[in-house]
Amino acid sequence: MGLREDAASLQDELALLRRELHQIPEVGLDLPRTQERVLAALAPLPLEISTGTGLSSVTAVLRGGRPGPVVLLRGDMDALPVTEASGLPYSSRHHGVMHACGHDLHTAGLVGAARLLSARRDELAGDVVFMFQPGEEGLDGAAHMISEGVLTAAGRPVDAAYGLHVLSSTVARGVFSARPGPLMAASAGLFVRVVGAGGHGSTPHYTLDPIPVAAEMVTALQAMVTRRFNVFDPVVLTVGVFQAGTKRNIIPDDATFEATVRSFSTATSAQAGEYAVALCEHIAAAHGMRVEVRYEQEYPATVNDADEYEFAASTVRDVFGPDRFEDLVDPMTGSEDFSRVLDRVPGAYVFLGACAGDDPKTAPSNHSPRAAFDDSVLADGAALLAELAVRRLAAPAGTSPKAPRA
Ligand SMILES: [Zn+2]
Ligand SMILES: [Zn+2]
């Protein structure tokens, strides 16, 4: 039987595991109950398993029967601080915590891939590293796992890496979607405090009023985005926090605001920070004020290697048929810490439509309290991960997966 058929026979068990995880969501870097379920599911398999020290990660290595490269497959495991309103019978049992980004499907899907590949261990020419990662949602769990050695878990560096992300909206159920190059945005935070000198609202000339100066910065930042960056290498800057003052006739001492900055390359993300900091400093100086300004890089852009994207797309078409792959026209402006892996290792990140409703265009999106993911896609998700590993290992070491295979 092929991988796809084998995966189909695991569907019910994977859905069961996913629903169990869905009811016990955990947030952050420490996911003890989730880790326990993953370890139990992997226990019967011929894997070398280690767990994280600074976070509750699980790294499992499968040694193939023959020598060859190392492929990494990744699934994130953390939930979100959202109160579930999906109405599903297996909804979260923990108020205020929900698997609203579908990482419960990623965890179950990666367990499925580990089972499929373990059954084919002798045929594998190389090793597979399974990366079960906590803390994707803003806690940079991937960077923690990299610093704890996940990219050399097999004793030598990983050659290629793949991951899937389910979507509760946008993409039709069962359809895989990706694009070469930037897939998801880099994110950074801009934190600004304009320091003036407060006083009476009727006599501003005796004060240094920070409010118009901070407001000027907010609009100047938008001009910066449109005038200083190539429209084909876009930047999005949104001020989501702006705070100053207590009463209309009092000029406050300071004004603060915060922005999120999204871009699609490391260079542009760094440049946005450089320009934004200079802009705020010079506007403050022009008004005789001081400013404290900080630009913090969060996640880099998630960039698909062109060859690995082509390999993943052609594998989907080959295994599931041409209508099961759709090119993603535009990158998504969300961010993702699998970017940490793809920054170091060529690979591909692929979306998988898992919309539970009839119309992905109107269905609640990931992170919504009403987001619902159809876990009937689990078997195909697991089959794709396993198939990518099998085919990538079959490619001669050091060659691109597009090269003719031995
Ligand atoms: Zn998310
Ligand atoms: Zn996610």
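Placed above this text is the structure.
Notes on the structure follow. Worth saying up front: this structure is predicted, and the values here are computed from it rather than measured.

Examining the coordination of the zinc ion (ligand 1)
Of the protein atoms, only Cys-101 (SG), Glu-137 (OE) and His-367 (NE2) coordinate the zinc ion (ligand 1), at distances of 2.0 to 2.3 Å. Between the donor residues of the zinc ion (ligand 1), the gaps in sequence give the motif C-x35-E-x229-H. Between the two metals, the zinc ion (ligand 1) and the zinc ion (ligand 2), the spacing is 3.1 Å, and Cys-101 donates to both. Within this pair, whereas Glu-137 is found in the loop between β4 (125–133) and α4 (141–147), its partner His-367 is found in the loop between β16 (347–353) and α9 (378–394), the two being separated by 230 residues in sequence. A relative accessible area of 22% means that Glu-137 is categorised as partly exposed.

So, the coordination of the zinc ion (ligand 2)
Taken together, Cys-101 (SG), His-103 (NE2) and His-165 (NE2) make up the protein donors of the zinc ion (ligand 2), found 2.1 to 2.5 Å from the metal. Counting along the primary sequence, the residues that act as donors to the zinc ion (ligand 2) give the motif C-x1-H-x61-H.

Digging into empty space enclosed by the protein
For the coordinates displayed, the defined rule picks out 1 cavity of 30 Å³ or more. Put simply, the largest cavity is a space of about 110 Å³. For the largest cavity, the lining is made up of 14 residues, of which Leu-105, His-106, Gly-109, Leu-164 and Gly-381 are closest to its centre. Secondary-structure elements contributing two or more residues to the lining of the largest cavity are β3 (66–76), α3 (103–118), β5 (160–167) and α9.

Points about the nonpolar core
Formed by 61 residues in total, the largest nonpolar core has its most connected members in Leu-42, Leu-73, Leu-117, Val-128, Phe-130, Phe-132 and Phe-176. Examining the composition of this core, we find that 10 residues originate from one element, α9, more than from any other. The contact partners of Phe-130, leaving out residues within four places of it in the chain, are Leu-47, Val-58, Thr-59, Ala-60, Leu-62, Leu-73, Leu-110, Ala-113, Ala-114 and Leu-117. Ranked by size, the runner-up nonpolar core spans 30 residues in total, among them Ala-214, Ala-220, Val-225 and Met-289.

Structural notes on the pairing of β16
Within β16, 7 of the 7 residues are buried, which leaves it mostly tucked inside the rest of the structure. A two-sided burial pattern is seen for β16, the buried positions comprising Gly-347, Tyr-349, Phe-351 and Gly-353 on one face and Ala-348, Val-350 and Leu-352 on the other. Where β5 and β16 come together, 7 bridges link them in parallel fashion. Residue Tyr-162 lies in a different strand from β16, and its bridge partner there is Ala-348. In this structure, strand β6 (residues 176–178) lies alongside β16, joined through 2 bridges in antiparallel fashion. For Ser-177, the partnering residue across the bridge sits in β16 and is Phe-351.

Observations regarding unusual backbone geometry
You will see that Thr-170, though not glycine, has its phi angle at about 75°, which is positive. Among the structural elements, Thr-170 can be located in the loop between β5 and β6. The phi angle at His-367 is positive, at roughly 85°, despite the residue not being glycine. With a relative accessible area of 37%, His-367 lands in the partly exposed category.

Section: the sheet that holds strand β10 (residues 235–244)
By definition, the strands of a sheet pair up through backbone hydrogen bonds, in either a parallel or an antiparallel sense. Reading across from one edge, β10-β12-β8-β13 is the order of the 4 strands in this open sheet, with antiparallel pairing throughout. If you trace the sheet from one side to the other, it starts and ends with β10 and β13 (290–297), each paired once. Here the strands of the sheet are splayed against their neighbours by 15° on average, with no regard to which way each runs. Inspection of the sheet shows strand β8 (residues 186–195) paired to strand β12 (residues 254–263) by 10 bridges, in the antiparallel sense. From the neighbouring strand, Val-192 faces β12, where its bridge partner is Phe-257. Helix α5 (residues 210–228) contacts β8, β10, β12 and β13 of the sheet and is inclined by roughly 170° relative to β10. Helix α6 (residues 266–286) contacts β8, β10, β12 and β13 of the sheet and is inclined by roughly 175° relative to β13.

Here's the deal with the packing of helix α1 (residues 3–23) against α9
Between α1 and α9, whose axes approach to 7 Å, the crossing angle comes to 130°. Viewed along their axes, α1 and α9 adopt a mutual orientation that is oblique. In the packing of α1 onto α9, the handedness of the crossing is right-handed. Across the interface between the two elements, Leu-3, Arg-4, Ala-7, Ala-8, Gln-11, Leu-14, Ala-15 and Arg-18 of α1 pack against Leu-378, Ala-379, Asp-380, Ala-382, Ala-383, Ala-386, Glu-387 and Val-390 of α9.

Calculation rules
- Residues numbered from 1 in each chain as written.
- Chains lettered and ligands numbered in written order.
- Predicted model: local features only at pLDDT ≥ 70, side-chain atom pairs only at ≥ 80, totals over all residues.
- Heavy atoms only, no water.
- Donors = N, O, S within 2.8 Å, 3.2 Å for Na, K, Ca; no water.
- Helix = DSSP H or I, 4+ residues; strand = E, 2+ residues; numbered from the N terminus.
- Buried < 20%, exposed > 50% of the residue type's maximum accessible area, 1.4 Å probe, protein only.
- 1 Å grid on protein atoms, 1.4 Å probe; cavity = no way out; pocket = protein on both sides within 12 Å on 5 of 7 lines; lining within 4 Å.
- Points joined across faces, edges and corners; volume = space filled by probe spheres on them.
- Core = buried A, V, L, I, M, F, W, Y, C linked by side-chain atoms within 4.5 Å.
- Contact = heavy atoms within 4.5 Å.
- Pairing = 2+ DSSP bridges.
- Axes fitted to C-alpha atoms, helices over the stretch in contact; angles between N-to-C directions.
- Parallel < 35°, antiparallel > 145°, perpendicular 65-115°, else oblique.
- Left-handed = near helix turned anticlockwise from the far one by under 90°.

Function cannot be read off these values alone, since they describe shape.
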